[in-house]
Amino acid sequence: LAACTPPSPLPPEQVLEKTSIAMHDVQSVRFEGAGKYEGNSPLGPQSILDIGIQGRLQREHSQLQLSLSLNGSTAQQPLEMDAEIIVAGPEETYFNVTKLTSGNPASPLSSPFLELLLKQWWHLPAGSTSPGTSVTPDPMLLELQSQAIRVTRDLGLETINGASSYHYETEIDREKLKSFLEQLANERNQPFDAVQWDKDFGSTEMKGEVWIDAATFYLRRVRWNIVRNSQQPASSLTFDIVFSDHNKAPVITPPAEAKELPSLPDLLPPSLFAPTGETSSE
């Protein structure tokens, strides 16, 4: 098989440099992928989750549209969730949870409050913490794939979605990643705690593979295996994402039927908030 693989016409360093420039200019892109997480998580201890994602990014207005599915268990109890997220701008985040089941009563997904939000598009109030904050729709995240990696093995050329692509085994260069994130934080006037970052990610192993279009130098596919040894027990995340429609992805529009997300008292019957233990005056 190795003998049948065409050799790379360019050295990896030159390819990564061209990719960094090419991805910096990408205005939109589609993505689709799958992953698996094992370890403790905000959803509960002993999480084992299969993850599915698909969506698209738009650079001009910092937009993201994402469909997310989780299927697995936490604390040895079943969990399943399907959700959609649209970030239409810095203060325009919408979400729609279409399916939610959790057998773990301690999980935040078991909250009765969430049951009241199912199968409806909601608009989060400006300034609130949003589902989009952790997946900021910024093509800089794609540039990261080329600026902070080290090629450990050149696997030659391979066809991805009909396009000839450079295929590399890779690992994250921690110092490059740290410098990249620190620079990004400075550009956004955001704090970056280098000491805390070293504590959280100093013992994290990140290895994977990338496929880079041999003609355009766009990222075609990334595959990563991330093991975080600083947690006890250790956690692991594997994911495989394919990118397509570079600069051709459709525009993203807010859902017309979205409602403003109310507070909990606005969702529940007023009788639940009546003072308890009232007695009639004599």
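Residues numbered from 1 in each chain as written. Predicted model: local features only at pLDDT ≥ 70, side-chain atom pairs only at ≥ 80, totals over all residues. Heavy atoms only, no water.

### Things to note about the sheet that holds strand S3 (residues 63-74)
Quick reminder of the rule: Strands pair, by our definition, only if DSSP identifies at least two bridges between them. The helix and strand labels rest on DSSP assignments: H or I over at least four residues marks a helix, E over at least two residues marks a strand, and numbering proceeds from the N terminus. We call two residues contacting when some pair of their heavy atoms lies within 4.5 Å. Where helices are involved, their axes are fitted lines through C-alpha atoms of the stretch in contact, as for all axes, and angles between N-to-C directions lie from 0 to 180°.
The strand order across the open sheet built from twelve strands is S7-S8-S9-S10-S11-S1-S2-S3-S4-S5-S6-S12, with neighbouring strands paired in mixed fashion. The sheet is open, and its two borders are formed by strand S7 (149-160) and strand S12 (259-260), each paired with just one other strand. Relative to strand S11 (residues 235-244), strand S1 (residues 28-41) runs antiparallel, the two being bridged by nine bridges. Across the sheet, residue Lys36 finds its bridge partner in S11, namely Thr238. Along the sheet, helix H1 (residues 12-24) makes contact with S7, strand S8 (163-172), strand S9 (204-213) and strand S10 (219-228), crossing S7 at roughly 80°. Here helix H4 (residues 174-187) sits on the sheet in contact with S7, S8 and S9, set at roughly 80° to S9.

### Observations concerning the side chain of His246
Formally: Buried, partly exposed and exposed residues are distinguished by accessible area as a fraction of the type maximum, computed with a 1.4 Å probe on protein chains only: under 20%, between the cut-offs, and over 50%, respectively.
Tracing the sequence through the fold places His246 in the loop between S11 and S12. Relative accessible area serves as the criterion here: at 8%, His246 is assigned to the buried category. Dropping the residues within four chain positions of it, His246 is found in contact with Val26, Ser28, Val29, Tyr218, Leu219 and Arg220.

### Section: the packing of aromatic side chains
The description of an aromatic ring pair uses the distance of the two centres, along with the angle that the planes make with each other. Note the cut-off: The rule is short: rings of Phe, Tyr and Trp, with Trp giving its six-membered ring, pair when the centres are within 6.5 Å, and they are stacked under 30 degrees, edge-to-face over 60, tilted in between. Placement of a charge over a ring requires the Lys NZ or Arg CZ to be within 6 Å of the ring centre, with the centre-to-atom vector within 35 degrees of the ring normal.
Throughout the structure, instances matching the rule amount to three aromatic pairs. Ring centres 6.2 Å apart and planes at 20° place the aromatic pair Tyr166 and Tyr168 in the stacked group. On the basis of relative accessible area, Tyr168 is assigned to the buried category, the value being 0%. Relative to Phe217, the ring of Tyr166 lies with its centre 6.3 Å away and its plane at 15°, an arrangement referred to as stacked. With a gap of 51 residues between them, Tyr166 in strand S8 and Phe217 in the loop between S9 and S10 connect regions that are remote in the sequence. With a relative accessible area of 12%, Phe217 lands in the buried category. The structure contains a cluster of three or more aromatic residues connected by ring pairs, namely Tyr166, Tyr168 and Phe217. Taking the ring centre of Trp211 as reference, the NZ or CZ of Arg221 above it sits at 4.4 Å. Against the face of Phe201 rests Arg228, its NZ or CZ located 4.9 Å from the ring centre.

### Details of the nonpolar core
Formally: Think of a nonpolar core as a cluster: buried Ala, Val, Leu, Ile, Met, Phe, Trp, Tyr and Cys residues, connected wherever their side-chain atoms sit within 4.5 Å.
Within the largest apolar cluster, 30 residues are counted, with the highest numbers of intra-cluster contacts made by Phe31, Tyr166, Ile212, Val222 and Phe243. It is H1 that contributes the most residues to this core, four residues altogether. One finds Leu49, Leu70, Met81 and Leu124 within the second-largest nonpolar core, a separate group that totals 13 residues.

### With respect to the environment of Glu158
For clarity, the threshold we go by: Whenever two N or O atoms come within 3.5 Å, that pair is a polar contact, provided that in protein one can donate a hydrogen and the other can accept it, and provided that, for residues adjacent in sequence, both atoms are side-chain atoms.
Here Glu158 shows up in strand S7. In this structure Glu158 touches Ala163, Ser164, Ser165, His167 and Trp211, once residues within four positions along its chain are discounted. A distance of 2.8 Å separates the side chain of Glu158 from the side chain of His167, its partner in a polar contact.

### Side note on the packing of H4 against helix H5 (residues 194-201)
Quick reminder of the rule: Working definition: roughly parallel below 35 degrees, roughly antiparallel above 145 degrees, roughly perpendicular at 65 to 115 degrees, and oblique for all remaining angles. Working rule for handedness: look at the near helix, and if it is turned counterclockwise from the far one by less than a right angle, call the crossing left-handed; if clockwise, right-handed.
Running from amino to carboxyl end, H4 crosses H5 at an angle of 140°, the nearest separation of the two axes being 12 Å. The angle between H4 and H5 falls in the class oblique. Note on packing geometry: the crossing formed by H4 with H5 is right-handed. Contacts between H4 and H5 involve Arg174, Leu177, Lys178 and Leu181 from the first element and Ala194, Trp197, Asp198 and Phe201 from the second.

### Thoughts on the pattern of salt bridges
To keep it simple, the criterion reads: Whenever Lys or Arg places a side-chain nitrogen within 4 Å of a carboxyl oxygen from Asp or Glu, that contact is recorded as a salt bridge.
With the rule as written, the count across this model stands at twelve salt bridges. Linking Asp240 and Arg221 is a salt bridge whose minimum nitrogen-to-oxygen distance equals 2.7 Å. Here the residue Asp240 occupies a position in strand S11, and Arg221 occupies one in strand S10, the gap between them amounting to 19 residues. Judged by its relative accessible area of 18%, Arg221 is buried. A salt bridge links Arg223 to Asp240, with the nearest nitrogen and oxygen atoms 3.1 Å apart. On the criterion of sequence distance, the pair formed by Arg223 in strand S10 and Asp240 in strand S11 is long-range, its members being 17 residues apart. Classification of Asp240 by relative accessible area gives partly exposed; the value is 22%. Overlapping salt bridges, with partners in common, bring together Glu209, Arg221, Arg223 and Asp240 in one network.

### Focus: H4
Let me state the cut-off plainly: The span expected for a helix works out to 1.5 Å for each residue beyond the first. Directions drawn from the helix axis to the C-beta atoms are what define this arc.
Between its first and last C-alpha, H4 extends 20 Å over 14 residues, near the 20 Å set by a 1.5 Å rise per residue. For H4, the complete set of buried residues consists of Leu177, Lys178, Phe180, Leu184 and Ala185. Buried residues in H4, looked at end-on, bunch into an arc of 165°, giving them a common side. Pointing more than 90 degrees away from the buried face of H4 are the exposed residues Glu175, Asn186 and Glu187. Backbone geometry just after H4 places Asn189 at a positive phi near 55°.

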